[in-house]
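Spelled out from the first residue to the last, the chains are:
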Amino acid sequence: MEKEKYDYLDINPEKHGAVESYVMEIISKYEDYEGLRYTYKDYLQWPEDERWELIDGVPYSMSPAPSKRHQEICLALCSEFYNYLKGEPCKAYIAPFDVRLVDEGESDDDASTVLQPDIVVICDRTKLDKAGCKGTPDLVVEITSPYTAKKDVIRKFAAYEKFGVKEYWIVRPEEETVTVFKLSNENKYGRPEIYCRNDKIQVGIFDDLIIQLEDIFKD
């Protein structure tokens, strides 16, 4: 059998004294999926008390519910965006909030990628409708858990890069780190920036928004 090939994303926050070791994510190829492929039209028929996401037509359950720590970090971080954006054209939203990522020429019903990021920032209000967002957000934040880490780092990373999300943050509550990916001129995510609890993040899509992570990770 041919040995499985892996790409390695070596995230090295060595410069931060608060981090004692490398953070390594092994990004493998997608597993083969033999089940049915679904669309947004199918998604709308599923029970309202169940939370799902679609990535390339593959359904992913979002249960169990996020932890208390996850929600505390999400609320603190979204508050930073919300307060900064008061009176501005950009808007920040927290999950559950449907983001339909559609290919060129694809109808809304046929969209095969529907995500519920923990936080999204959207600056083009024409993308907003009663159902959420149709189109690519400017910034996305995902807060990992043991149940979502692989999906956030592999599958969502690929989707956000494919559809051109300018800035993608992965927050790891246990490590108290934030990994920031920014879209290059070649429409690919470059080498990540790593931030720890004692750091400040200069938000890439805004010139004067700086977030102190100590406030975000505060117990």
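Residues numbered from 1 in each chain as written. Predicted model: local features only at pLDDT ≥ 70, side-chain atom pairs only at ≥ 80, totals over all residues. Heavy atoms only, no water.

### Remarks on the sheet that holds strand β11 (residues 139-143)
Stated precisely, the cut-off is as follows: Pairing between two strands is assigned when DSSP locates at least 2 bridges connecting them. Only DSSP runs of H or I with at least four residues qualify as helices, and only runs of E with at least two residues qualify as strands; both kinds are numbered from the N terminus onward. Axis definition: a line fit to C-alpha positions, over the contact stretch in the case of helices; interaxial angles, taken between N-to-C directions, run 0 to 180 degrees. The contact criterion used is simple: two residues touch if any of their non-hydrogen atoms lie within 4.5 Å.
Strand order in the open sheet formed by six strands is β5-β8-β11-β12-β13-β14, with mixed pairing between adjacent strands. Looking at strand neighbours, the two that pair on one side only are β5 (91-94) and β14 (193-196), the edges of this open sheet. When the angles between neighbouring strand axes are averaged without regard to direction, this sheet yields 15°. The pairing of β11 with strand β12 (residues 167-172) spans five bridges and is parallel. Residue pairing for β12: E142 is matched across the bridge by I170. Across the face of the sheet, helix α3 (residues 149-162) comes into contact with β11, β12 and β13 (177-182) while running at roughly 165° to β12.

### Thoughts on the packing of aromatic side chains
Convention followed: Each aromatic pair joins two rings of Phe, Tyr and Trp (for Trp, the six-membered one) with centres within 6.5 Å, and gets the label stacked for planes under 30 degrees apart, edge-to-face for over 60, and tilted for any other angle.
Inspection of the entire model under this criterion finds 13 aromatic pairs. Put simply, the rings of Y38, Y40, Y43, W46 and W52 pair up and form one aromatic cluster.

### A word on the confidence of the model for the protein
Stated precisely, the cut-off is as follows: How sure the predictor is of each residue is captured by pLDDT, a score from 0 to 100.
With 84% of its residues at a pLDDT of 70 or more, the protein shows a mean pLDDT of 84. Mean pLDDT across the secondary structure elements of the protein bottoms out at strand β2 (residues 23-28), with 29, and peaks at strand β8 (residues 119-122), with 98. Overall, residues 1-31 carries pLDDT values under 50, and its contacts beyond four positions in sequence, including any with other chains, amount to 56 contacts.

### So, the state of the cysteines
Rules: A pair of cysteine sulfur atoms is labelled a disulfide when the two atoms are within 2.5 Å. Burial classification: accessible surface area is computed with a 1.4 Å probe over protein chains only, and a residue below 20% of its type maximum counts as buried, one above 50% as exposed, and the rest as partly exposed.
This structure, assessed with the given rule, holds one disulfide. One disulfide in the model links C90 with C123; its S-S distance is 2.0 Å. Measuring the twist about the S-S bond at about 105°, one finds the C90-C123 disulfide to be right-handed. Note that C90 is positioned in the loop between α2 (68-84) and β5 and C123 in the loop between β8 and β9 (128-129), a separation of 33 residues in sequence. Relative accessible area serves as the criterion here: at 8%, C90 is assigned to the buried category. C78 carries a free sulfur, and the closest cysteine sulfur to it, the one in C74, is 6.2 Å from it. The exposure class assigned to C78 is buried, which follows from its relative accessible area of 10%.

### Brief notes about the environment of I119
Tracing the backbone shows I119 in strand β8. Taking the C-alpha atoms as reference points, I119 and I94, 25 residues apart in sequence, are found 4.5 Å from one another. When near neighbours in sequence (up to four residues on either side) are disregarded, I119 contacts C74, L77, C78, F81, Y93, I94, L139, V140 and V141.

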